[in-house]
Amino acid sequence: MAVKPRETFGSRMGMLLAMAGSAIGLGNIWRFPYTLGKNGGAAFLLLYVIMLVFICLPVMISEYLIGRRGASNPFRTFDKLAPGSKWRWIGFIAVLASGCILSFYCVVGGWSVKYLVDAVSGSLMSFGGDYADFFGAFISNPWEPLTFTLIFLGITGLIIAFGVRNGIERMSKIMISVLFVIIVLVVIRSLTLPGASAGLRYMFVPDMSKIDANTCVAAMGQAFFSLSIGCGCILTYASYVKKDENIAASAAWISFFDTGFAVIAGLAIIPAVYAIAAMNGVEPDVNAGPGLVFITLPGVFSSMPLGNAAAVLFFLALLLAAITSAISLMEVLAAYIIEELRKSRAMAVIISFVLCGVVGMFCSLSFGPLDGFKLFGLSVFDFFDYITSNIMLPVGGLFLALFAGWRLKRANFIDELTNGGALKMPRWLSLTIYYLVKFVAPIAISVIFLNCILS
Ligand code: PFF
């Protein structure tokens, strides 16, 4: 059978939007605001930005560079670049991590489908009671969240089945643009509510006493999760990138977009929470955990003019963002199954759907019938969230940086970074990037882990 040439993205903009689409997702809109709320607001944001520059950007550049040089799935890429070595298992762990993330990600994706459906039908806004009860009743029901989880996973699989250019690229282009417009509208609504300024203060005036070893791990995990780095996702997308892209510039743009989006999502949510609490004369509860978006926001929407329209727009945005990220996760699995297990794309999608669907089922049921079942003291959902974001991704990132900095060798690193010298990059810049990758990022990740273990 003739081997088909590997697909590439059709345009530079399409590639950037697909990577940004992977990065911008539930991590920005659902996870960022409540992790910020749980970890002390502005001080967390400050830590997040510092880690972004000194750890995440170098890791992203490493992953991008390795992916483009290897032009294959994560497993094969390491085998190509370091034949016969143990590095290939990093690729395998990356594939595993993507599957684990998708398994709990599709549960929250399913929640957004449900909220969108209810917002469109009007039942979300006409509920009239406490939204904590609404959310609690929904997630503890065994069947309803499970059905929505599988619907979400099914939509993701369908897009992946169409392949890189027709599926991922086209979808990402449309969805990210729509998303941006919607979220800006919600921010305007939120910031014009009376009392919103206290939320702004919470987000932007840091209280350094809030920082401890756990805050550092949480900020690092959130940054890795949000940027989609450390689990082969950027590596897989980079394998479809043409050889003339400016890697460092693309990575910087994606990080900038993603962080901008997280801050915008925070601006849509946190000030509104403060404003509504002030209106009702109660303490704002930004520490509401994973329910923040799903419990607090419907309450926010229902008590503001044009609330129903805002709810529809918001949950549509959440769903669109979730889909563009979920497709990037499933593509890591699919690329591995297609190239290593020699299956067709359709078959790869079916296998990924079944595997993630089964694990996702346990994650979903852990809010209901499996409530009492704990792994290391955590529910199945929290367990997958914690080990992937806070451990697997940073460890994956550590090895990616070590591989790019130590195994690839300086000449190869700079050669790939500057597209074989075709790109005119000042020497100080390429060397700074190289040393950030080789020393700063790996040392910083190790210190943060050690600090947490020892504290
Ligand atoms: N970055 C995505 C988000 O913020 O929702 C989640 C994610 C996608 C994490 C892809 C990791 C990944 F490989």
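Relevant structure appears above.
Residues numbered from 1 in each chain as written. Predicted model: local features only at pLDDT ≥ 70, side-chain atom pairs only at ≥ 80, totals over all residues. Heavy atoms only, no water.

### Some thoughts on the overall build of the chain
Step number 1: Helix and strand counts for the chain stand at 18 helices and zero strands.
Step number 2: On C-alpha atoms alone, the chain measures out to a radius of gyration of 21 Å, which is about the 23 Å that the 2.2 N^0.38 rule sets for 455 residues.
Step number 3: Principal axes of the C-alpha set define a box for the chain whose edges measure 65 × 50 × 40 Å.
Step number 4: Counting over 455 residues, the chain shows a buried share of 58%. (Helix = DSSP H or I, 4+ residues; strand = E, 2+ residues; numbered from the N terminus. Rg over C-alpha atoms; globule rule 2.2 N^0.38 Å. Buried < 20%, exposed > 50% of the residue type's maximum accessible area, 1.4 Å probe, protein only.)

### Focus: the site of the ligand
Step number 1: Taken together, 16 residues lie near the ligand, and Ala-23, Gly-27, Tyr-105, Phe-225 and Cys-231 sit nearest.
Step number 2: A distance of 3.0 Å separates a nitrogen atom of the ligand from a polar atom in the backbone of Ser-226.
Step number 3: Within the complex, the protein chains bury 100% of what would otherwise be the 340 Å² of accessible surface of the ligand.
Step number 4: Elements supplying a minimum of two residues to the shell around the ligand: α1 (12-23), α2 (26-38), α5 (88-121), α10 (213-227) and α14 (307-340).
Step number 5: For the shell around the ligand, a count of residues per class yields eight nonpolar, eight polar and no charged. (Near = heavy atom within 4 Å. Polar contact = N/O pair within 3.5 Å; in protein donor to acceptor, adjacent residues only side chain to side chain. Areas by Shrake-Rupley, 256 points an atom, 1.4 Å probe, with all protein chains shown as cover. Nonpolar A, V, L, I, M, F, W, Y, C, P; charged D, E, K, R; others polar.)

### Regarding the environment of Gly-266
Step number 1: Secondary-structure assignment places Gly-266 in helix α12 (residues 247-280).
Step number 2: Judged by its relative accessible area of 0%, Gly-266 is buried.
Step number 3: Each C-alpha atom, one on Gly-266 and one on Phe-32, is 7.3 Å from the other, the two residues being 234 residues apart in sequence.
Step number 4: The residues contacting Gly-266, other than those within four sequence positions of it, are Pro-33, Met-203 and Pro-271. (Contact = heavy atoms within 4.5 Å.)

### Description of the nonpolar core
Step number 1: The biggest cluster of nonpolar side chains holds 159 residues, and the ones touching the most others in it are Met-19, Trp-111, Phe-224, Phe-294, Phe-301, Phe-314 and Phe-315.
Step number 2: In terms of residues, this core owes the most to one element, α14, which gives 19 residues.
Step number 3: Apart from the residues within four sequence positions on either side, Phe-315 is in contact with Ser-112, Tyr-115, Leu-116, Leu-124, Val-293, Phe-294, Pro-298 and Phe-301. (Core = buried A, V, L, I, M, F, W, Y, C linked by side-chain atoms within 4.5 Å.)

### A word on the pattern of salt bridges
Step number 1: In the structure shown here, the tally under the stated rule is ten salt bridges.
Step number 2: Among the salt bridges present, the one from Arg-69 reaches Asp-415, with a minimum N-O distance of 3.6 Å. With a gap of 346 residues between them, Arg-69 in helix α3 (residues 42-70) and Asp-415 in helix α17 (residues 410-417) connect regions that are remote in the sequence.
Step number 3: Take Arg-69: its relative accessible area is 25%, and that puts it in the partly exposed class. (Salt bridge = Lys/Arg side-chain N within 4 Å of Asp/Glu carboxyl O.)

### Quick look at α1
Step number 1: Taking 1.5 Å of rise per residue, twelve residues should cover 16 Å, and α1 covers 17 Å from first to last C-alpha, within 8% of that figure.
Step number 2: Of all twelve residues in α1, ten are buried; the element is thus mostly enclosed. (Expected span 1.5 Å × (residues − 1).)

### Regarding α2
Step number 1: With 13 residues, α2 ought to run about 18 Å at 1.5 Å a step, and its terminal C-alpha atoms sit 17 Å apart, in line with that.
Step number 2: Along its length, α2 shows its largest kink, about 40°, at Phe-32, and proline Pro-33 lies within four residues downstream of that point.
Step number 3: Burial analysis of α2 places twelve of its 13 residues in the buried class, the great majority of the element.
Step number 4: Three or more residues of α2 are buried, namely Leu-26, Gly-27, Asn-28, Ile-29, Trp-30, Arg-31, Phe-32, Pro-33, Tyr-34, Thr-35, Leu-36 and Gly-37. (Bend = angle between axes of the 7 residues up to and from the residue.)

### Details of the side chain of Ser-325
Step number 1: Structurally, the position occupied by Ser-325 is in helix α14.
Step number 2: We classify Ser-325 as buried; its relative accessible area is 4%.
Step number 3: Of the polar contacts made by the side chain of Ser-325, one reaches the backbone oxygen of Ser-22; its length is 2.9 Å.
Step number 4: If sequence neighbours within four positions are ignored, Ser-325 has contacts with Gly-21, Ser-22, Ile-24, Gly-25 and Tyr-105.

### Considering the environment of Gly-109
Step number 1: Of note, Gly-109 is situated in helix α5.
Step number 2: Under the relative-accessibility criterion, Gly-109 is labelled buried at 0%.
Step number 3: For Gly-109 and Leu-124, which are 15 residues apart along the polypeptide, the C-alpha to C-alpha distance reads 17 Å.
Step number 4: Beyond its immediate stretch of four places on either side in the chain, Gly-109 contacts Leu-26, Phe-152 and Leu-319.

### Re unusual backbone geometry
Step number 1: Although it is not a glycine, Ser-228 sits at a positive phi angle of roughly 60°.
Step number 2: Overall, the relative accessible area of 9% leaves Ser-228 in the buried class.

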